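Residue-level listing of the chains:
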Amino acid sequence: MPNLKDLKTRIASVKSTRKITKAMQMVAAAKLRRAQEAAEDSRPYTKRFNAVMAGLAASVGGSESAPKLLRGTGSDQTHLLVVMTAERGLCGGFNSNIAKLARQKAAELKAAGKTVKVLTVGKKGRDALKRDLGGDFVGHVDLSDVKRIGYANAQGVAKDILTRFDAGEFDVATIFFAEFVNVVTQIPTAQQIIPASYEGGEGDADSASAVYDYEPGEEQILADLLPRGVATQIFSALLENGASEQGARMSAMDNATRNAGDMIDKLTIQYNRSRQAVITNELIEIISGAEAL
Amino acid sequence: MAQTMQFDLVSPERSLASLQASAVQIPGAEGDMTAMPAHAPTITTLRPGVLKVESPEGNAEYVVTGGFAEIGGDSLSVLAERAIPMAEMTRDQMNTLIEDAREMYKTAKEEDQPHGLVEDAAKLLADMEALGTHMSL
């Protein structure tokens, strides 16, 4: 049984841990609000963009001359998995859930005889996948210096991916990120970005494309917009990820704070009991000493 | 001019404007065009330039770089990659934009990229510089 002094130090150390986790929770809550706002601000752009792309894709998509980004390369032999995770840990299962999904997908593809390449965005995903997929890494994007995710960051990632695509390094690209539902729920998601699939009311798309004039031509616009589409999808995924990360960290730290509280209670009871035991012991000693005389 | 249309200017990072406008001058890829209510439905890509909005409440100007505009009968949405209100624009920001364009042109030329990217970058640079002069900052 630990002595009184040990217990006291233990209690003090758990208390300071609780302070830290509490502070981290509050920081995450503040950041979460900002991340959510950023995600909401980007939504109108993404929505309209996808609507226009759906229209264009519906009218041009079927033709032979459609850009490769839309049509695909005609094969699906090599897959690029873009795994987007956080730069920091201490956010519950956030990073490992994304990594797990990516690992599953990679295993499936490999079982089907496909080649898998992995591009990681965010340090934690890289660390998590290094052991299983380390040999398949083709690159890493470091966002640890970025305080606030901007469109420029997404463009950087998109450019990296597009350069590889133009060089014929892969046929299909899929991004992995966590979709933000609420503070306690983040769903790891896989989304194919190349070849692009724009869904959204097929009927609407057809009628929309019929009435629009395009300047310059439809195909030029499509060729111009598809790379932007990749960037836009990555941007919204990064923002979702940002919000999810803060949400996951917030609930993880909330749990940690509560656990620390429980532990302090338990240790305090133990401390008081052993203090009482020591006192009782001393009294017994005194009394039996007095009786012996 | 009583008639107005719904005008939205959005960038990936935020929505900049959403108002009733009577006329909007758009820097289209193939030349400027002015959209007014009941314009034929058109989708055009943008070149870097100045977007001028006329509305009953007053006029506004925005510097936009890249993106596209969707003109419907009674609505106009401009999706710009970067959009900055003219009032907030400074020489420094302009210089950064020009510098970015120049950098892009240089790397495009060095790497000898396909798809006419070199010409695109050159045009972008020229557009940017013209924009800078036009604004006479």
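Please read all numbers here as calculations on a predicted model, not as lab measurements. (Residues numbered from 1 in each chain as written. Chains lettered and ligands numbered in written order. Predicted model: local features only at pLDDT ≥ 70, side-chain atom pairs only at ≥ 80, totals over all residues.)

A. Layout of the overall build of chain A. Helix and strand counts for chain A stand at seven helices and six strands. Each helix and strand of chain A, placed in order from N terminus to C terminus, yields the pattern α-α-β-α-β-α-β-α-β-β-α-β-α. In terms of C-alpha radius of gyration, chain A reaches 28 Å, well past the compact-globule figure of 19 Å for 293 residues. By principal-axis analysis of the C-alpha atoms, chain A measures approximately 110 × 40 × 35 Å. (Helix = DSSP H or I, 4+ residues; strand = E, 2+ residues; numbered from the N terminus. Rg over C-alpha atoms; globule rule 2.2 N^0.38 Å.)

B. Main features of helix H4 (residues 123–133) of chain A. Those residues of H4 of chain A that sit buried are Lys124, Gly125, Arg126, Ala128, Leu129 and Leu133 of chain A. Those residues of H4 of chain A that are buried lie in contact with strand E1 (78–84), helix H3 (94–111), strand E2 (115–121) and strand E3 (137–141) of chain A. (Buried ≥ 20, exposed ≤ 12 C-beta atoms within 10 Å, placed from the backbone. Contact = placed C-beta atoms within 7 Å.)

C. Structural view of the pairing of strand E8 (residues 75–85) of chain B. All names here are of chain B. Pairing analysis gives five bridges linking strand E1 (residues 5–10) to E8, with the strands arranged parallel. Paired with Phe7 across the bridge in E8 is Leu76. By the bridge criterion, nine bridges tie strand E7 (residues 58–71) to E8 in an arrangement that is antiparallel. In the strand pairing of E8, Glu70 is matched with Ser77. Hairpin connection, E7 to E8: the antiparallel pair is bridged by three residues. (Pairing = 2+ DSSP bridges.)

D. Broad picture of the packing of helix H5 (residues 151–166) of chain A against helix H7 (residues 218–292) of chain A. Residues and elements named next belong to chain A. Between H5 and H7, whose axes approach to 8 Å, the crossing angle comes to 125 degrees. The angle between H5 and H7 falls in the class oblique. The chirality of how H5 crosses H7 is right-handed. Taken together, the residues of H7 that come into contact with H5 (itself represented by Tyr151, Asn153, Ala154, Gln155, Val157, Ala158, Ile161 and Leu162) are Pro227, Val230, Ala231, Ile234, Phe235 and Leu238. Residue classes in the contact of H5 with H7 are distributed as 12 nonpolar, two polar and no charged. (Axes fitted to C-alpha atoms, helices over the stretch in contact; angles between N-to-C directions. Parallel < 35°, antiparallel > 145°, perpendicular 65-115°, else oblique. Left-handed = near helix turned anticlockwise from the far one by under 90°. Nonpolar A, V, L, I, M, F, W, Y, C, P; charged D, E, K, R; others polar.)

E. Quick peek at the packing of H3 of chain A against H4 of chain A. Residues and elements named next belong to chain A. Running from N to C, H3 and H4 cross one another at 35 degrees; their axes reach a closest spacing of 9 Å. Like other packed secondary-structure pairs, H3 and H4 cross with a definite hand, here right-handed. On H4, the residues touching Asn95, Ser96, Ile98, Ala99, Ala102, Arg103 and Ala106 of H3 are Lys124, Gly125, Ala128, Leu129, Asp132 and Leu133. Among the residues making up the contact of H3 with H4, the classes are represented as seven nonpolar, three polar and three charged.

F. Local environment of the interface of chain A and chain B. Opposite the 20 residues of chain A that make contact, chain B presents 19 residues. Listed by contribution, the elements that provide at least two residues to the side of chain A that touches chain B are helix H1 (4–60), strand E6 (213–215) and H7 of chain A. The class makeup of the residues in the side of chain A that touches chain B is 12 nonpolar, three polar and five charged. In this structure, E6 of chain A lies alongside strand E5 (residues 42–45) of chain B, joined through three bridges in parallel fashion. Bridge pairing in E5 of chain B places Asp213 of chain A opposite Thr42 of chain B.

G. How the structure looks around the sheet that holds E2 of chain A. Residues and elements named next belong to chain A. Read from one edge to the other, the open sheet built from five strands follows the order E3-E2-E1-E4-E5, with strand pairing classed as mixed. Here the strands that pair on one side only, and so sit at the sheet edges, are E3 and strand E5 (186–194). The sheet shows a mean angle of 20 degrees between the axes of neighbouring strands, taken without regard to direction. In this sheet, E3 lies alongside E2 in parallel orientation, the contact comprising four bridges. Each residue of the ladder has a partner; that of Val118, found in E3, is Phe137. The sheet contacts of H7 involve E1, strand E4 (172–180) and E5, and relative to E4 the element is tilted by about 35 degrees.

H. Representation of the pairing of strand E4 (residues 31–35) of chain B in the model. Residue and element names in this part refer to chain B. In terms of strand pairing, strand E3 (residues 23–28) meets E4 through five bridges, oriented antiparallel. Pairing of Val24 across the sheet is with Ala35, part of E4. Linking two consecutive strands that pair antiparallel, namely E3 and E4, is a turn of two residues.

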